[in-house]
Every structure is written in C-alpha cells, then in structure tokens.
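If you want the building blocks of each chain, they are given just below.
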Amino acid sequence: MADASYPDDLRYHPEHDWVRIEGDTATFGITWYAQDALGEVVFFDPPEVGSTVTKDDSYAEVESVKAVSDVIAPLSGEIVEVNTALGDDPEAINNDPYGAGWMVKVRLSDPSEADDLLDASAYESSLA
Amino acid sequence: MSAREISGEVPAAAGMQSPLQREQARTIFEKGARGRRAFSCPAPAVPAADPQALLPAELRRAAPPRLPEISEPELVRHYVRLSKRNFDLDSGFYPLGSCTMKHNPRLHERVAALPGHARLHPRQHPARAQGALELMWRLERALAEVSGLPHVSLQPSAGSHGELAGVLLTRAYHADRGERGRTKVLTPDTAHGTNPATVTMAGLEVVKVASNADGGVDLEDLRAKADDTVACLMLTNPNTLGIFDPHIEQITEIVKDAGATCYYDGANLNAIMGITRPGDMGFDIVHFNLHKSFTQPHGGGGPGSGPIAVSDRIEPYLMVPRIVRTAGDGNGGPATFALSEDHPKSIGRLRGFQGNYGTFVRAYAYICSLGAEGLRDASETAVLNANYLVARLRELGVAEHLPLAFGELCMHEFVLSGAPMKRDLKIRTLDLAKRLLDHGVHPPTVYFPLIVDEALLVEPTETETRETLDDFAQALAAILREAAEDPEIARQAPYTTPVRRLDEAGAAKRPVIRQPLAEAEPMNA
Amino acid sequence: MSRYTSATPDDLAAMLAAIGVGSLDELFDRQVPAGVRLGRALDLPAGRPEQDVYAHLRDLAARNVSAEDELCFIGGGMYDHYVPAVVDMLMERSEFLTPYTPYQPEVSQGGLQVMFEYQTAISELTGLPVSNASVYEGPSAVAAAAYLARLANGKGRVVVSRAVHPHSRQTLATTAAGFGAEVVEVGMRDGVTDSDAWAAAIDDDTSAVVFQSPNYLGAVEDAAALAQAAKNSPAVVIGSYDPIPLGILKPPGECGVDVAVGEGQPLGNRLDFGGPSFGFFAATQAYLRRMPGRIAGETRDVDGRRGFVLTLQTREQHIRREKATSNICTAQALNALGGVVYLTWLGRAGIAELGELLLQRTHYARETLGALPSVEPLHTQPVVREFAVRLDADVAAVVERCAAQGVNPGVPLGPDYPELDGGLLVAITERRSRADIDRLGQVLGAAVAAEREGRVAAGVAR
C-alpha cells in the first residue's frame, strides 16, 4: 500500500496494531506504519484457534526479509478464527493491512479494555 | 561498458554482458552423466563375505544417494568457474567493519599442510603428539600475554562459541558462590548480534544498557542497572562504533562492585594489541577471534576459532581438557605436555577433541612471524589507516553526505551515517554499497550498528596500503558525485557483477534450499 | 613496518598530517586513557623471517607421530580417509579461502552456490529435505539439535544413549546446563542401545531423544525402532550419523528421525588433530524455520538470472538477536566446500562402493583380530567401518608395544567407558589394505602375548 492511512472506524494500540470491534468479537491486524517498517512480509506464524490472547502480550510473529516482529494483542480474548490465506499470500499484510491482511478474529473477554485504545488521529499523532 | 550501458539505458541483454554474467548458474547436480566417475575404488582384496549377511536389507538403503556422476576434469572446471563468481580478499579491498579482513599470509597454508600437523589424529596418545601440545601451550601463553588474563582455553570453535563459554563460566562462578539469583546479562545497545543470542542459549536474560551522546556506555544507566541480579556485563572496547570508551575503568569497577563479572568481546582486538589489554581494563573473560586479528582465513564463512582467556577467579570452571606443561628434568630433558581432565569444577566441554587445531597452527605462525613489535605495529597501523581514511573522506567532501556518526578520531574502524546522503542525494547506504561493487571493492558493513541510521561500518585493517585507501575514498566521492547527477544509477546497481540485485524476499517466502533431483532409482540400476 | 604492513616513514608523515595529529602516540593518547596503557612491550619473542618460522613449525610437526608415520587404526569420530588432491587445490583457491560470509550476494555467487550444492548433498545423504550450510562439528551439532528441540516444544528432558560419542554426551551436558534441560542417559546392551531401557525413559516431558549410528562402538543401531519408541511423546528424534556409511545405510529420513546431525570430517577434511572440520545438520520440513546456522536459497536477479542468497536470515543472530535459533556467525564454510567436493568426487556409485569396501574389510579385520588368542569381539552387531574388541591384557600397555612397531591399533575404551575396561576400538578406512590389516593382526597378537607373558613373569594375576 503506497500511502499511509489509518481508517477512522478502527481503534489502535501503541505497538502498531489495529482492532475492528463488532459486538463481542474483534478482528486484529498490524497498521500501515508497522508493515512499512518491516518491509516486504515473507511469513506469518499464526496462533491456534482456541488459544487465549492477552492484551499487551505477543500472540504471533510476522517475518520480513530483514526482521521478525512480535504482533501485540490490543485486547484480550479467545481466538475464534485465523486468516489462513496469509500462508500463501503474506504480502497481503503489506498491500491491504486493514482488509485482506487481517490476522485473527477474537471473542473478547473484557470489551471495556477498548477504552485504553487510541483513535485514528491519536495514533497518527503518536507516530510523528 | 559505456556510460549509457552502466546507467541501464541500454539493457544488458543487448549482448553487452560479461561471460560471467551470461553464464546461467547450473549446480553440479545438473552436470555429468550416468557412469562417469572421478573416484577409483580400490578392490577389497579380502575374502568376500556375503554383503547381505554383513548388513541385512532392513538396515540398508534401497537406493544410493543421488550424488553427481562426473569425471575429475568436469569437477575441476565446475568449481574453478564457480570460484570466479566470488570476490575475495586476495583480489581486492574488503573493508568489512567488525570482521578484520586482513591479509592471510600464505606461509600459514604451507605449515598447516605439513603432515605432522595435518595428518595427526586427535586421539593420538599425547606422548606422540608433543609438537602439537607444545604449539597449543605456546599459543595459550601468547594469548594470555596479549590479553592480560593468565588462563586460556583454545577449545571454542568461533567467537560466538567463545561467548557461550564465557556466559556458562559466569553462571558456574556465581552458582558456586550460591548466587543463583544473578540471571541478567548487561549488553550495550551497540552490541553485535551474537551477544544477545548467546545469552539466551545460556539460560540468562539480556538487559540493554544505553549509549551516551559520545557513543560510549551511559554510566548513569549502567549504575542503575548493575545490581545483584546481574551476572555479567558483555562489552567490546573499542565498541562497534570504533570508539574506545574513556570510562572503561569505571565501567568495569561499577560492574565488579555489584558482584558481577566482566566479559570482553574480542572482535575488536585489532585496535589494541600491545597498546592496552582487556585484563588491565578490568575484564574477567576475553574471547579472541583467530580469524580476525590472527589471520586465520575467513573461508567464505569459517572455519574460525574463539579461544578464551580468564582471570584467576574464573579459572576453576574453565573447560576440559587443559594443556599441562611439566618442566624438563634439568638434565637436558625437554619439557613435556599432557592433556588434563582433572578439574572437578570445570563446566565440561563444548565440542569434540581439542578445538580447531589447524587454526592454532596458523595463528601461532603469525605470532612467531610478528613478535611483540609486529603485533603492536599491526594495531598501530590499523588505527592509523582508519583515521587516515576518515581524513581523506573529509578532504574529498564525502563527509558532508556521509558524516562520522560519533567523535572525531576513531580506533581501527569507524561508522558513517548515510542519513544526510539519503535526504540530499536520494540514495541509501544499500545503493552506495551496491554501486561500490562496480568499482571492484567489497562494500563496508551496512546497517550495523543498529543505533546509527543508514550505517556504514568501515574497517580498512593494517595490511592495506595508503594508495588503496586513497582509491577507496575516490571511489566513494565518485559515487556521490554521480548520485547528485542521477540517483537512479546507484539505485539500480550493480551492473558489472556476475548477477545483479537479487530477490531476497522471494527466497524467504518460498524457500528453495536444494536442487530438485530426478526420482531415485533402485540400487542395482 | 612488518612484511604485512606498508606505512613507510613518508607515508606515516603524510598520513599523520592529513589526520591532524603530531604522532602515532597522540592518536592513542587522545583515545586510550593513561591508566590502561600497557606502557611496555609485550613479553613475547621477537618476530622472525618467514624461513625461520617455517623451520620452527616444521620442527614442531616432526615431534608428532601422524598417520603419515605409522599405520593408523584409530577412529572414534575422526577417520584417516584419503583426501583427493582436488579438494586441497580448491580449498586453497583465493576465491574460496579468503572472502567472508556472503553478505553481498552479487559478488558471492561462488560461495552461495557451493552452500546450495552442499545442502543438496547432505539432504540426499540423510534423506531429509532441509539442511543448513554447516555447523561447527559433530558433538556441538548434537547439542544444537537438542536446543532446537527445546525451542520447539519447551519440554524439560533429553534422553541420550550411552552409545553416543562421549564428547557429544559431554557437550550436550554442558550446554543443557545452560538452557536448563535434564539429560538422562540410557545404557547399552550387546553393543547397542538397550531398547527396553530406552522406551522406559521416554515420557511426556521428553524434549528430545538422541542416538548415534553407527554408534561409538561401531555398531549399526536400529534407528527405525529407536525413533518409533518416541512416536507417542513430544520428543524430537535426533540421530547422530557418520556420513560415510550413509552411502549404504538406510538414511535417517526413512527411519522416522526428525533431525540428523554428524561429524563431517570424514568427507574430504583432514584430521588436523581434531579440527577444523564441519558438522552437518538436516531436518524434516517442519523445522525449516527453526534451523540454526546459515542457509542458502535460490532466487532470481532483476534481469531474471538464476542466483543464490542467504535466506531465512531472520532466524540468525544478526537479526533476531534474543530469539535466534542459535548464535552461529562464523561456521565452517570452507570445510563444507571440502565436504561437497569430496561427495561429488566419490559420486553416486563411488559412495556405495566405498561403503561396501569398508564393510568387507572391517569384517575381515574383526575376524582376523577375533581369531587372536586373548582377543575377542566386544559385540557381534553389524558394523561398517569400526568395531570393538576386548583384550585379556592391559590395553594401554599393549598400545605402547604396538606403537613401538609403528602400528596404532585403536582407541582404548576404558577411559570413556570404565565398564568396558580392556576394550579397544579399531577403525578401518580404504587406506588400510589387506596387508595392513594382516600386519595389525600380527603386531597386536604379539603385543598381547608379550604383555600377558610379562605379567606372568612379574607375578601379576589377572
């Protein structure tokens, strides 16, 4: 994706992860800033469906040619779905980080944790 | 090649390729034919026993491994041609920072090949390996003198292996004193990658110490972090910025007052031989890279050797076996040497046999050749060459785009930052490095250390002439001038190498790490 | 100025002027605090001309008894194979000897393609799809495999057979103390791993199981059975292999082994009193991203040319740092070059022929020695190139008597295996002809007899 973008309908974690909340489930991924810093993604190592994620802890790793990065959970819960398409097409994380580059869907254990997250403009300001 | 060809306007495919560029890479597995052979197997010449009785079918392979079938001339041509697709130190300047690419004296290959060294079995009885044991003992003494630490083990296979030994020794030392709460290793944020990896392998935890504005260790941060949970500080001095920390004595004192050990990463020893010694700076454990300061050839990525020297308080835990010298009988009988395993507190061994003896022969020959004066001259000239190169770059205006990241003087290596170049000339350190390849030199180390943006780590070493350094400075200046005119040239470089820029992401995404082979056929085919 | 540096007085003056300092001392005075300056010459002998250094190194060599000087039947992990001249010639070429790791792949295609070919050869030899470009040597490769297992499954115990090389077991113990695994040793029976004890030792907390084939006593182990015993546990199955017998032995990849490692010295590398050599490290596809060491991968350049690069580098120390699969930076690239050239020289037919040759001559040697009075095979398992006998005499003294006759009959087992006191490990390579083996029989037989007689004469009972 050529230009930086931070959609308004998402919430953001300072460690460069985004959340799309839909009721008591949420979708996680990494932001444009994160994929730009990593460079071309070559491998995404997903967690297992059914495993627990904890806010602020790492739940997966994403690997580019030059670096490996932890992916931080913005909220806590149980993983209900994993984006297996990233196995064949890890570049989706670079090309469409908020769409086809989604990583996991989680049933939230404590939706109030979302109060700690940043909105798009707060996150974007933090990058400056 | 014409300027237009170099700039890429005229594609290389229009016939203007070198033979090396034109030649498609084919592995040895894609050459040869059924029935060709280079090896002539001797006849067994013993009474034939039934092979199936000797080794039953269920233990046997059904088909032999699909190794190539080629004659000797084919084998020679393949590998010699392949060698020509390599740049090497004998052929050109190789200022790879942190690697000390100094000349490999050819005498060393001759002595290492002597059958008395090369065909000596590691399990030969020590009484019949006295030459080898004496050589090792003398090398140990020399390394002890250079480092200022009296007890040496030549066992580790490389620098990072020596680091592992150092951390395990530290753990053993603290455990023996009942201090098992010491689980942290402090390392500066300028440290080489092997340091944190080693610490994790040895079951401890890395804690980073900040660098100050001058590129040295931030003493306040160190004081705050050096407590009784710290096992060790791992440091190299001069550091990876080529800077000798003026507070080194305070640093080791702070750490030792906190009850921890001090480990010296000897990768930068080339700056200080005969000038200062890690033992005198307050370190407990030092590792040497025989393939850096002591001229063991780099071999394309090894073999190396990582001996360590330690202080009295660490000595009990040193690996076994150790070399023990017994003085002569006073009646003209020579001193004798033995291998000893009788050290109850030793951490044990970290590899088979005695270590990379072939590297000891070469390092020892080097030390014999140079002597005290020569080793000091090597370090002095290494520092002289690095500072002279910095001066030339300043004179030619290179420093404007590639400034020194820290300080004014350096030790044996220095770091430039490509950030101004990137901003003003629109080319990155990577592009500069690739364009240098077209000038017939190996680029310096790029993107390390991590604390410098667009880093270029340059280590000329002492074996280069002043003329070579002048030529290198000129090459950098030429590339910058070219970039000011047209940045695209460097961005598409190199043009003249056997292959041009390679798709590294593709190699990582869908790794192909062996040659696909035709289906296996049964043994008798 | 030495013969390796070039700064003449004129150079020095010009360089100091350019730098802007008055002397070399000033360069150091301004950077190195006085408190740590050595202030004296190093206490080392003076440097010497090349011819004197040569003479000294030659004198030291002359005080070693090498395989050039005696009939060598010692093995125990390293073997006196014939190294063809092409290996020496290629390993001495500037282009292979003097560069460093291929950080700039455009000018390192020679080294990278050699790694790729080496990886292919090891993969073929072991029957496992993933190989790295070398590790240091055999015993530390075993330890590295156990570390891989630990990172993969986090379990706490490593089960290792006592028939694994003593240096491998010791190295494993030393490094496992670092990463915190308990090492449990399983004994031998009839010269091979005790399969009942092996199965009993494996549980849900077993991180890895380690065996060796042929084992330290030269016996071929039933690798498939040993691997099968771990099937219902989390354990990674690690097999340590001697590469030459893999020309005829069933490869680890077909026996259920997950990681195969071994000492590469027999493949085109010199004895060199124990190093440098290389270790090989191969695994199933599942462990691709957990492999230690460098790996070369195939790719294309911008013009479509086929080429090779270091790949999966994020696993290595210089990017992942704390999370690295190992800390290897410099490995054994030149020795691995020797290995792949040697395997290519042997070729597909040659490696099998060599294996059959060793099988025949080793059998002949075991029969010949077993027929001697007071000498019997220590076990009767299938062997390929090495076997163990038990002497009814003091082994060390027998070895001395043989050495005086210019024959080195083998490695005494007692120091590493006290329960096998009286044991001798005898190795055969293609350099040991029938006549050599016959001579071994004569000399060993005479030495054992003389030793027994000497003891009888001295009144020592056994």
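Worth saying up front: this structure is predicted, and the values here are computed from it rather than measured.

Some thoughts on the overall build of chain B
Tallying secondary structure elements over chain B gives 18 helices and twelve strands in all. Taken over the C-alpha trace, chain B has a radius of gyration of 27 Å; the compact-globule value for 525 residues is 24 Å, and the two agree within 12%. Counting only C-alpha atoms, chain B reaches 75 × 75 × 50 Å along its principal axes. Across the 525 residues in chain B, those meeting the buried criterion constitute 59%. Long-range contacts, defined as pairs at least 24 residues apart, comprise 74% of the intrachain contacts of chain B with a sequence gap of at least 6.

Focus on the overall build of chain C
Regarding its fold elements, chain C presents 14 helices and 17 strands. Along the first, second and third principal axes, the C-alpha set of chain C runs to 80 × 55 × 50 Å. Counting the 462 residues in chain C, one finds 65% classified as buried. In chain C, the proportion of contacts linking residues at least 24 apart, taken out of those at least 6 apart, comes to 73%.

Points about the interface of chain B and chain A
Often, the extent of an interface is quoted as the loss of accessible area upon association of its parts. The partner chain A presents five residues to the four residues of chain B that form the contact. Here the side of chain B that touches chain A is composed, by residue class, of two nonpolar, no polar and two charged.

What about the sheet that holds strand S12 (residues 455–458) of chain B?
Residue and element names in this part refer to chain B. Spatially, S10-S12-S11 is the arrangement adopted by the three strands of the open sheet, whose pairing is antiparallel. Each edge of the open sheet is held by one strand with a lone partner, namely strand S10 (414–417) and strand S11 (445–446). Both S11 and S12 contribute to a ladder of two bridges, which runs antiparallel. Looking across to S12, one finds that valine 446 is bridged to leucine 456.

A short note on the sheet that holds strand S9 (residues 259–263) of chain C
Residues and elements named next belong to chain C. Strand order across the open sheet formed by seven strands is S2-S10-S9-S8-S7-S3-S4, with mixed pairing between neighbours. The two strands at the open ends of the sheet, each matched to only one other strand, are strand S2 (130–131) and strand S4 (182–186). Sheet analysis places strand S7 (residues 206–213) next to strand S8 (residues 236–241), joined by six bridges and oriented parallel. Within S8, the residue paired with glutamine 212 across the bridge is serine 240. Its contacts with the sheet put helix H6 (residues 109–126) on S2, S9 and strand S10 (279–283), and the angle it makes with S10 is roughly 70°.

Re the interface of chain C and chain B
Counting residues at the interface gives 167 residues for chain C and 177 residues for chain B. Among the elements that line the side of chain C that touches chain B, the one with the most residues is helix H12 (residues 333–370) of chain C, at 23 residues.

Considering helix H7 (residues 138–153) of chain C
With 16 residues, H7(C) extends 23 Å between its outermost C-alpha atoms, agreeing within 8% with the 22 Å of an ideal straight helix rising 1.5 Å per residue. Just past H7(C), the residue Gly154(C) takes up positive phi, approximately 65°.

Thoughts on the pairing of S8(C)
Residue and element names in this part refer to chain C. Most of S8 is tucked away: six of the six residues are buried. Side chains Val236, Ile238 and Ser240 project from S8 onto one buried face, and the interleaved Val237, Gly239 and Tyr241 project onto a second face that is buried too. For S8 and S9, the ladder comprises three bridges, and the chain directions are parallel. In the strand pairing of S9, serine 240 is matched with valine 261.

Description of the nonpolar core
With 343 residues, the main nonpolar core has Leu169(B), Ala145(C), Ala146(C) and Ile238(C) as its most contacted residues. Of the residues forming this core, the biggest block, 22 residues, is contributed by helix H13 (residues 357–395) of chain B. Those residues within four positions of Ala145(C) in sequence are excluded, and the remaining contacts are Ala208(C), Ile238(C), Val259(C), Val261(C) and Phe281(C).

Quick word on the domain arrangement of chain B
All names here are of chain B. If you check the domain split of chain B, you get domain 1 (109–367) and domain 2 (372–509). The C-alpha-based centres of domain 1 and domain 2 are spaced at 31 Å. Contact with domain 1, which involves 19 residues of that partner, is made by 20 residues of domain 2. When the residues that make up the side of domain 1 that touches domain 2 are grouped by side-chain class, the tally is nine nonpolar, eight polar and two charged.

Re the domain arrangement of chain C
For chain C, the assigned domains read domain 1 (1–40), domain 2 (71–78 + 348–457) and domain 3 (85–341). Put simply, the middle of domain 1 of chain C and the middle of domain 2 of chain C, counted by C-alpha atoms, are 60 Å apart.

Overview of the pairing of strand S4 (residues 230–235) of chain B
All names here are of chain B. Most of S4 is tucked away, with six of its six residues classed as buried. Here strand S2 (residues 184–188) runs beside S4; their pairing, made up of three bridges, is parallel. Bridge pairing in S4 places leucine 186 opposite leucine 233. After leaving S4, the chain enters helix H11 (residues 248–257) and then returns to the sheet as strand S5 (residues 261–265), a path that is right-handed.

Structural notes on unusual backbone geometry
A cis geometry characterises the amide bond from Ser213(C) onward to Pro214(C), with omega recorded as -15°. Considering the arrangement of structural elements, one finds Pro214(C) in the loop between S7 and helix H10 (223–228). Not every positive phi belongs to a glycine, and Lys426(B) is a case in point at roughly 65°. As for its position among the elements, Lys426(B) is in the loop between helix H14 (419–425) and helix H15 (429–437). Owing to 15 C-beta atoms within 10 Å, Lys426(B) belongs among the partly exposed residues under this scheme. If you check the backbone angles, Ser374(C) has positive phi at about 65° while not being a glycine. Structurally, the position occupied by Ser374(C) is in the loop between H12 and strand S13 (375–377). Classification of Ser374(C) by C-beta neighbours within 10 Å gives partly exposed; the count is 16.

Notes on the confidence of the model for chain B
Per-residue confidence for chain B averages 93 on the pLDDT scale, and 95% of its residues sit at or above 70. Contacts of residues 8–12 of chain B to residues separated by more than four positions or lying in other chains number nine contacts, the stretch itself having pLDDT below 50.

Structural notes on the environment of Thr175(C)
Residue and element names in this part refer to chain C. With respect to the helices and strands, the residue threonine 175 is situated in helix H8 (residues 166–179). Given 28 C-beta atoms within a 10 Å radius, threonine 175 is considered buried. Distance in space between the C-alpha atoms of threonine 175 and glutamine 51 is 43 Å, their sequence separation being 124 residues. Those residues in contact with threonine 175 that sit more than four places away from it in its chain are Ala143 and Tyr147.

Details of the packing of H13(B) against helix H3 (residues 50–62) of chain C
Contact geometry for H13(B) and H3(C): axes closest at 9 Å, N-to-C directions at 135°. Considered as vectors, H13(B) and H3(C) are oriented oblique to each other. Remark: the crossing between H13(B) and H3(C) carries right-handed chirality. For the pair H13(B) and H3(C), the contacting residues are Val361(B), Ala365(B), Cys368(B) and Ser369(B) in the first and Glu50(C), Val53(C), His56(C) and Leu57(C) in the second.

As for the environment of Asn83(A)
All names here are of chain A. Mapped onto the elements of the fold, asparagine 83 is located in the loop between strand S8 (77–82) and helix H2 (92–95). Taking the number of C-beta atoms within 10 Å as the measure of exposure, asparagine 83 has 20 and is therefore buried. Taking C-alpha positions, asparagine 83 is 9.8 Å from phenylalanine 44, a pair spaced 39 residues apart along the chain. Setting aside residues up to four positions removed in sequence, asparagine 83 forms contacts with Trp102, Met103 and Val104.

Things to note about helix H7 (residues 130–147) of chain B
Taking 1.5 Å of rise per residue, 18 residues should cover 26 Å, and H7(B) covers 25 Å from first to last C-alpha, within 8% of that figure. Just downstream of H7(B), Gly148(B) is the residue with a positive phi angle, here 80°.

Points about the packing of H6(C) against H12(C)
Packed helices, taken two at a time, are described by the angle their axes make and the gap between the axes. Residues and elements named next belong to chain C. Between H6 and H12, whose axes approach to 9 Å, the crossing angle comes to 55°. In terms of orientation, H6 lies oblique with respect to H12. The hand of the H6/H12 crossing is left-handed. Judged by residue contacts, Gly111, Val114, Glu117, Tyr118 and Ala121 of H6 engage Ala333, Ala336, Leu337, Gly339, Val340 and Leu343 from H12. Grouping the constituent residues of the contact of H6 with H12 by class yields eight nonpolar, two polar and one charged.

So, the environment of Leu217(C)
Residues and elements named next belong to chain C. Along the polypeptide, leucine 217 turns up in the loop between S7 and H10. Exposure remark for leucine 217: the 22 C-beta atoms within 10 Å place this residue in the buried category. Aside from chain neighbours lying at most four places away, what touches leucine 217 is Ala163, Gly191, Leu378, His379, Ala388 and Leu425.

The rules behind these values
- Residues numbered from 1 in each chain as written.
- Chains lettered and ligands numbered in written order.
- Predicted model: local features only at pLDDT ≥ 70, side-chain atom pairs only at ≥ 80, totals over all residues.
- Helix = DSSP H or I, 4+ residues; strand = E, 2+ residues; numbered from the N terminus.
- Rg over C-alpha atoms; globule rule 2.2 N^0.38 Å.
- Buried ≥ 20, exposed ≤ 12 C-beta atoms within 10 Å, placed from the backbone.
- Contact = placed C-beta atoms within 7 Å.
- Nonpolar A, V, L, I, M, F, W, Y, C, P; charged D, E, K, R; others polar.
- Pairing = 2+ DSSP bridges.
- Axes fitted to C-alpha atoms, helices over the stretch in contact; angles between N-to-C directions.
- Expected span 1.5 Å × (residues − 1).
- Core = buried A, V, L, I, M, F, W, Y, C linked by C-beta atoms within 7 Å.
- Domains from an automatic or database assignment.
- Right-handed = clockwise from strand over helix to strand, strands pointing away.
- pLDDT = per-residue confidence, 0-100.
- Parallel < 35°, antiparallel > 145°, perpendicular 65-115°, else oblique.
- Left-handed = near helix turned anticlockwise from the far one by under 90°.

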